[in-house]
Amino acid sequence: MSQMMVNSRKGFRQQPWGLWSIQALRLTRIELRRNLFSWRASWIYLLAFIPTFILLLHVVLGRHFSFSMNEDTSILAGIIQFYYIRLGVFFGCLGIFSRLIRGEMIERSLHFYLLSPVRREVLLLAKFAAGSISALLLFGTAVLADFALTYAVFGASGQDYVFNGPGLGQLEAYLAIITLACLGYGAVFLLLSMMFRNPTPAAMLVLGWEAINPVLPSLLQKLSVASYLRHLMPVNVAAEGVFALLTVKTEPVSGWAATLGLLALITVVLFYSCYRIRTLEIRYTTE
């Protein structure tokens, strides 16, 4: 057993990590340009910044109305919890990550990567990194703008709430939630793009599961990405009306437990994706 461990360590050190790092960085740069500076990404920009535009109108019209900071704080939390997590980031990641593999198959360009002297695992992880950075830049910037616009209308009291109150802590929590959402949904959609010719129906099943998850028993709620992200919310937004009667409350989960659980899920999905891409075959006649 000790000899096997020594051999495994020796083999690990002998791997060309430097070469793989350089290849991954260059591939990531190529994919970033394609993700962020392509006309195909215009609808994802719109998806990310729709709440920002609405909040900008809120600031412009703020002088004519009387607003409560507590109400606007709850509204911002609702935008993060109900729009970004369940719709904006979900569909944005679907558009970004499903194109990385399946989109290039449709365009008949993926074989150029597969024929190059690059390990397929390096290619996959570079694409995942590029997709994650793209999603984080778009939705992270949008959340920052949303947060700034929410409290800009209150002037000095808004600045005091942000810098001397709980504002910055809430912003950090929102950015962490968006980061985990982008990584989690991105890993899932990248895998689905290799498993199915059209990943959209499978993504709709995932969306349906996320939608009905709040009314499921507590044990089944633990199988949802959005469920763990909900435990990280710094401001709770309670369901109202009929949804409050249907929602099943789960036991609170600590932030560390929710974060580690999602990171473990992402790791497992990426490991399986690396296995899948090693056996991936392209048949353009059937695509």
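Refer to the structure printed above.
Residues numbered from 1 in each chain as written. Predicted model: local features only at pLDDT ≥ 70, side-chain atom pairs only at ≥ 80, totals over all residues. Heavy atoms only, no water.

**Concerning the overall build of the protein chain**
(1) Moving on: Along the backbone of the protein chain there are 13 helices and zero strands.
(2) Moving on: Ordered by position in the sequence, the α and β elements of the protein chain form the string α-α-α-α-α-α-α-α-α-α-α-α-α.
(3) Moving on: Within the protein chain, contacts between residues separated by at least 24 positions form 84% of all contacts whose residues are at least 6 apart in sequence.
(4) Moving on: Approximately 15,800 Å² of the protein chain is accessible, and the part contributed by carbon and sulfur atoms is 68%. (Helix = DSSP H or I, 4+ residues; strand = E, 2+ residues; numbered from the N terminus. Contact = heavy atoms within 4.5 Å. Areas by Shrake-Rupley, 256 points an atom, 1.4 Å probe, with all protein chains shown as cover.)

**Quick word on empty space enclosed by the protein**
(1) Moving on: For the structure shown, the criterion picks out two cavities of 30 Å³ or more.
(2) Moving on: Of the voids in this model, the second largest cavity is the one considered here, and its volume is about 30 Å³.
(3) Moving on: Taken together, Gln-81, Ile-85, Arg-86, Ala-226, Leu-229 and Arg-230 make up the lining of the second largest cavity.
(4) Moving on: For the lining of the second largest cavity, the per-class residue count stands at three nonpolar, one polar and two charged. (1 Å grid on protein atoms, 1.4 Å probe; cavity = no way out; pocket = protein on both sides within 12 Å on 5 of 7 lines; lining within 4 Å. Points joined across faces, edges and corners; volume = space filled by probe spheres on them. Nonpolar A, V, L, I, M, F, W, Y, C, P; charged D, E, K, R; others polar.)

**Details of the packing of aromatic side chains**
(1) Moving on: With the rule as written, the count across this model stands at ten aromatic pairs.
(2) Moving on: Aromatic side chains Phe-97 and Phe-128 sit 5.9 Å apart centroid to centroid with 45° between the ring planes, which places their arrangement in the tilted category. Of this pair, Phe-97 sits in helix α4 (residues 69-106) while Phe-128 is found in helix α6 (residues 120-152), placing the two residues 31 residues apart along the sequence. Of the two residues, Phe-97 and Phe-128, both sit in the buried class.
(3) Moving on: Put simply, the rings of Phe-90, Phe-91, Tyr-185 and Phe-189 pair up and form one aromatic cluster. (Phe/Tyr/Trp six-rings, centres within 6.5 Å; stacked < 30°, edge-to-face > 60°. Buried < 20%, exposed > 50% of the residue type's maximum accessible area, 1.4 Å probe, protein only.)

**Details of a nonpolar patch on the surface**
(1) Moving on: On the surface, Leu-46, Ile-50, Phe-53, Ile-54, Leu-56, Leu-57, Val-60 and Leu-61 cluster together into a nonpolar patch covering about 730 Å² of accessible area.
(2) Moving on: Among the secondary structure elements, Ile-50 is positioned in helix α3 (residues 42-60). (Patch = residues over 30% accessible without salt bridge, like charges linked within 9 Å, V, L, I, M, F, W, Y side chains within 5 Å. Salt bridge = Lys/Arg side-chain N within 4 Å of Asp/Glu carboxyl O.)

**Details of the side chain of Glu-121**
(1) Moving on: For Glu-121, the position within the fold is in helix α6.
(2) Moving on: Residue Glu-121 is classed as buried on the basis of its relative accessible area of 14%.
(3) Moving on: Polar side-chain contacts of Glu-121 include one of 3.2 Å to the side chain of Arg-278.
(4) Moving on: With near-sequence residues (within four places) excluded, Glu-121 lies in contact with Cys-274, Ile-277 and Arg-278. (Polar contact = N/O pair within 3.5 Å; in protein donor to acceptor, adjacent residues only side chain to side chain.)

**Things to note about the pattern of salt bridges**
Close approach of charged atoms lets side chains of opposite charge pair.
(1) Moving on: A full pass over the atoms with the stated rule returns six salt bridges.
(2) Moving on: Note that Glu-104 and Lys-127 form a salt bridge whose closest N and O atoms lie 2.6 Å from each other. Placement of Glu-104 in helix α4 and of Lys-127 in helix α6 is noted, with a sequence separation of 23 residues between them.
(3) Moving on: Lys-127 sits in the buried class, given a relative accessible area of 1%.
(4) Moving on: Between Glu-121 and Arg-119 there is a salt bridge whose closest N-O contact spans 3.4 Å.

**Topic: helix α2 (residues 17-36)**
(1) Moving on: Over its 20 residues, α2 extends 28 Å from the first C-alpha to the last, a length consistent with the 28 Å expected when each residue adds 1.5 Å.
(2) Moving on: Looking at the buried residues of α2, the elements they touch are α3, α4, α5 (110-114) and α6. (Expected span 1.5 Å × (residues − 1).)

**Observations regarding the nonpolar core**
(1) Moving on: Core analysis: the biggest nonpolar cluster contains 76 residues, and Tyr-84, Val-89, Phe-139, Tyr-174, Tyr-185, Phe-189 and Leu-229 have the highest contact counts within it.
(2) Moving on: At 17 residues, the largest contribution of residues to this core is made by α4.
(3) Moving on: When near neighbours in sequence (up to four residues on either side) are disregarded, Tyr-174 contacts Thr-73, Leu-76, Ala-77, Ile-80, Val-143, Phe-147, Met-233, Pro-234 and Val-235. (Core = buried A, V, L, I, M, F, W, Y, C linked by side-chain atoms within 4.5 Å.)

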